[in-house]
Amino acid sequence: QVQLVESGGGLVQPGGSLRLSCAVSGSLFSFYTMGWYRRVPGKQRELVADTTRTGITNYADSVKDRFAISMDSAKNTHYLQMDSLKPEDTAVYYCNIDFGRSQVWGQGTQVTVSS
C-alpha cells in the first residue's frame, strides 16, 4: 500500500519560508497528479498546488509566484517550497497522490504564520 508522510511544518514569521516534504512509501508505477492541499477550521480543503507526471504545474491564485511544487523521484519525495508566507497561509497542509481510480492522503502537517 502507498503511504504518505508529511514533514516540515511549524511556526514561521510573516515573510518567512518553509519547505514541506512528502515521503512516499510503496511502489509507484503511475499517477495522474501529485499535490498539496490545505484546510483551516470551518473551511473546505482547497488545492494549493499540484503537478502531473510530465511536469505541468497548477497553483492556486493565492499562492502563485510564492510557492513551488517539485519532486525527487530518486528519494520518492515531493516538496512544497513556501516563500513570502502570509498569516492567511496558516492551515494544515496535506500531500496527495491522485491515481485516477483512487487517491492517497498524508496525515497533515500544521503551518502557522504569525509574528
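Only a predicted model underlies this, so the values are computations on that prediction, with no experimental measurement involved.

Colleague: Explain the overall build of the protein chain here, please?
Modeller: Scanning the protein chain from N- to C-terminus turns up 0 helices and 11 strands. Secondary structure elements in the protein chain, listed N-terminal to C-terminal, are β-β-β-β-β-β-β-β-β-β-β. Relative to the 2.2 N^0.38 estimate, which gives 13 Å for 115 residues, the radius of gyration of the protein chain is 13 Å and therefore close to what a compact globule would have. Summarising its shape, the C-alpha atoms of the protein chain cover approximately 45 × 25 × 25 Å along the three principal directions.

Colleague: Any chance you could explain the side chain of T109 here in plain terms?
Modeller: Here T109 is to be found in strand β11 (residues 109–113). Residue class for T109 comes out buried when judged on its relative accessible area of 11%. Here G9 takes part through its backbone nitrogen, which lies 3.3 Å from a polar atom of the side chain of T109. Those residues in contact with T109 that lie beyond four places of it in its chain are E6, G8, G9, L20, A91, V92 and Y93.

Colleague: I would appreciate a short explanation of the nonpolar core in the present structure.
Modeller: Buried together is how nonpolar side chains tend to be arranged in soluble globular proteins. Residues L4, W36, V48, F67, L80, M82 and Y93 are the most contacted members of the largest nonpolar core, which totals 27 residues. Contributing elements (two or more residues each) for this core: β3 (18–25), β4 (33–39), β5 (46–52), β7 (67–72), β8 (77–82), β9 (91–98) and β11.

Parameters at a glance
- Residues numbered from 1 in each chain as written.
- Predicted model: local features only at pLDDT ≥ 70, side-chain atom pairs only at ≥ 80, totals over all residues.
- Heavy atoms only, no water.
- Helix = DSSP H or I, 4+ residues; strand = E, 2+ residues; numbered from the N terminus.
- Rg over C-alpha atoms; globule rule 2.2 N^0.38 Å.
- Buried < 20%, exposed > 50% of the residue type's maximum accessible area, 1.4 Å probe, protein only.
- Polar contact = N/O pair within 3.5 Å; in protein donor to acceptor, adjacent residues only side chain to side chain.
- Contact = heavy atoms within 4.5 Å.
- Core = buried A, V, L, I, M, F, W, Y, C linked by side-chain atoms within 4.5 Å.

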